[in-house]
Each structure stands twice: as structure tokens, then as C-alpha cells.
Amino acid sequence: MTETAAWWSLLAAPALLLAGAVLAVAGDALLAARDAGRPTTVRTAMRPLLEVPRLLAAQPRRLPAADRLLWRLGVVSVPVAAVLSALVIPFGGTAVADLSVGVVWFNAMEVVTWGGLWLAGWGPNAAFSLIGGYRFVAQGLAYELPLMFALLSAATAAESLRVGDIAQAQHGLWFAVWMPIAFAVYLAGVLAFSFLGPFRYPAGEDIAAGVLGETSGVDRLLLEAGRWLWLTSGAAMAVPLFLGGGSGPGLPGWAWSSLKTLAVLAVLVWVLRRMPVVRADRYVEFAWVVLVPLTLVQVLVPALVVLGR
């Protein structure tokens, strides 16, 4: 049974999420250095973090006729939604908020990122950032429906929308083993709503970094942090949904949750450097022709299993 954590976990959860995001950024920097033939040292791993003081000290960019309120609201909503999404993720047998609709809450926070990133593209009143915002919306139309079916597959098998119940329903056999399509689609969705790796199309180099192009200073730091916070939150959510939560031999639940989260995060970071950028129009076609039928069939599998009990 998942328990609700003490009030101080409201501070501990964002701190753990930030620590995971820092590890992901460091790992990505090491992979980038190795691919470029540079030495992979501690200094190399910490190099992206050296940008933080510079961005904090930099002045925000001012553009003519920009909607500063919507711009700032969109920028802030991305990291805030990532932190709020992590509140329902059980760490071992404890969650900050053990909601009866935890899966819906996680998906709702991810959808908030849709609006936030589109506002971050609209607010500057600049062509490339607006194109980046529309690209994210187009990309979202392709990944959201398969992602929802993947979440429904896990919820259907556990007969609950409570994240803790889904983790406890995997005694003896993880959902990732007998629902591999849902697991793979979910991981692709994590990369998509983090707009990283093959799904960095909204921040593409062909449009001068798109939604990130007109941001500077603290605004740029918040958007970049939001991407990696979402990647970490998505990796952590994969553990109770498909990898049995904190269950495992010999170690306490929180230790298994940590190890599984780091393993999923390592796989996601590795994929970032190994797959090319996917254009939104091509992914939309692939999603509707291939992923939606596959995930629909995948939802039927746990539904039939539940009916047969």
C-alpha cells in the first residue's frame, strides 16, 4: 500500500527530480564529448552546469510588441508542470500525493506543457519561435494518443488509476514484459514531451532553436531545465507503471525505485544521441498508421486478461 509522505516531501521531491536532471545533463555531456573525440572527464560532465551562473546573470531579451505576460507564463509553466507531475510518483512505498487518479494527473501535467510551450513560442512575437510552438503542438497531436493508450494499458491491467496500485499489481511479472509495445510507446512519449533527442523538432537548428531561440537569461534556463526535469519525471514514472515500482530483492523499496529510475534515464539519454530528429509530419503519419493501431491492440490484451479473471 502506498503511503502519503510528510509535508517536507514537497521540498524533497523537487530536489530529487533536480538531482536526476543534473545527472542526465552530465551524462548527455559525456556522450557528446565521446562522440566528438574529446576526453570524458568530470570537468566535461560539469561543463553544462557552468552555464547556469551565466544565464542567471544575463539580461532577458526584449522584443518589440512581445506579449511578455503570456511569454513568461509559458516559460514558467514547463518546469512547474514537470515538478507537479512527479508528486504522484511513488518512491518506494511513499508518494507526496497518493491520488486516486494519479495517472490522469500525470497526463494532465504533461498536457499543460503543450499550452506552456506554445505560449513560449507565441509570446516573443517572432517568426521562428512561433513556428517552434506550432511544431510542438503538431508533434503533440502525434504522440499524445498513443501515449494515452500506453498509460491506459497499465491502468487497465491494474484496474486502477492510482499509481501505487499499478506498481503493486506487478508482483511476479512486470508490465513491461507482457506489454512491451505500451512500454516502448511510453518511453517515446517521454522524449516527445521533453522535446529532446529525435523529438527536438520544436527547438530545431533549422529555425534558430525555435521556442528556445528568443529566450535568454532566466527564461532560457527555465525552459532548458523544464526539458530535463520532464525527462527525469518521465523516467521515474516508468518505474511504477511498467517496472514493478520499488519491488526487488535485498534492497529497500526506495533503493530499487532509484536504481530503476536511473537505468531508464540512462537509456533515454543514450537514445538522445543515437537517433536523428523526426519531422512532425512524418511522425504524425507513423503514429496514425502504425502506433495507434498497435497501442489499441495492446490495450485489448490487459482488458481481456482482466475479464478472464
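See above for the structure.
Residues numbered from 1 in each chain as written. Predicted model: local features only at pLDDT ≥ 70, side-chain atom pairs only at ≥ 80, totals over all residues. Heavy atoms only, no water.

Student: Where do I start with the packing of helix α4 (residues 68-85) against helix α10 (residues 217-242) in this structure?
Tutor: A packed helix pair is summarised by two numbers, namely the angle formed by the two axes and the spacing between the axes. For the pair α4 and α10, interaxial distance at closest approach is 8 Å and the crossing angle is 25°. Relative to α10, the element α4 lies roughly parallel. Considering the relative orientation of α4 and α10, their crossing is left-handed. Where α4 abuts α10, its residues R72, V75, V76, V78, P79, A81, A82, V83 and S85 lie against D219, L222, L223, G226, L229, W230 and S233. Residue composition of the contact of α4 with α10, by class: eleven nonpolar, three polar and two charged. (Axes fitted to C-alpha atoms, helices over the stretch in contact; angles between N-to-C directions. Helix = DSSP H or I, 4+ residues; strand = E, 2+ residues; numbered from the N terminus. Parallel < 35°, antiparallel > 145°, perpendicular 65-115°, else oblique. Left-handed = near helix turned anticlockwise from the far one by under 90°. Contact = heavy atoms within 4.5 Å. Nonpolar A, V, L, I, M, F, W, Y, C, P; charged D, E, K, R; others polar.)

Student: Mind showing me how you'd approach the packing of aromatic side chains here?
Tutor: Aromatic ring pairs are reported here in terms of the distance separating the ring centres and the angle at which the planes meet. The tally for this structure, following the rule as stated, stands at twelve aromatic pairs. When the centroid spacing of 6.3 Å and the interplanar angle of 70° are considered together, the rings of F106 and F193 count as edge-to-face. Residue F106 is found in helix α5 (residues 102-122), and its partner F193 is found in helix α9 (residues 180-193); the two are separated by 87 residues along the sequence. Both residues of the pair, F106 and F193, belong to the buried class. A ring pair is formed by Y283 and F286, whose centres lie 6.4 Å apart and whose planes are at 40°; its orientation type is tilted. Placement of both Y283 and F286 in helix α12 (residues 280-308) is noted, with a separation of three residues, approximately one turn of the helix. Among the residues examined, F286 registers a relative accessible area of 40% and is labelled partly exposed. Members of the aromatic cluster, joined through ring pairs, are F106, F193 and W230. (Phe/Tyr/Trp six-rings, centres within 6.5 Å; stacked < 30°, edge-to-face > 60°. Buried < 20%, exposed > 50% of the residue type's maximum accessible area, 1.4 Å probe, protein only.)

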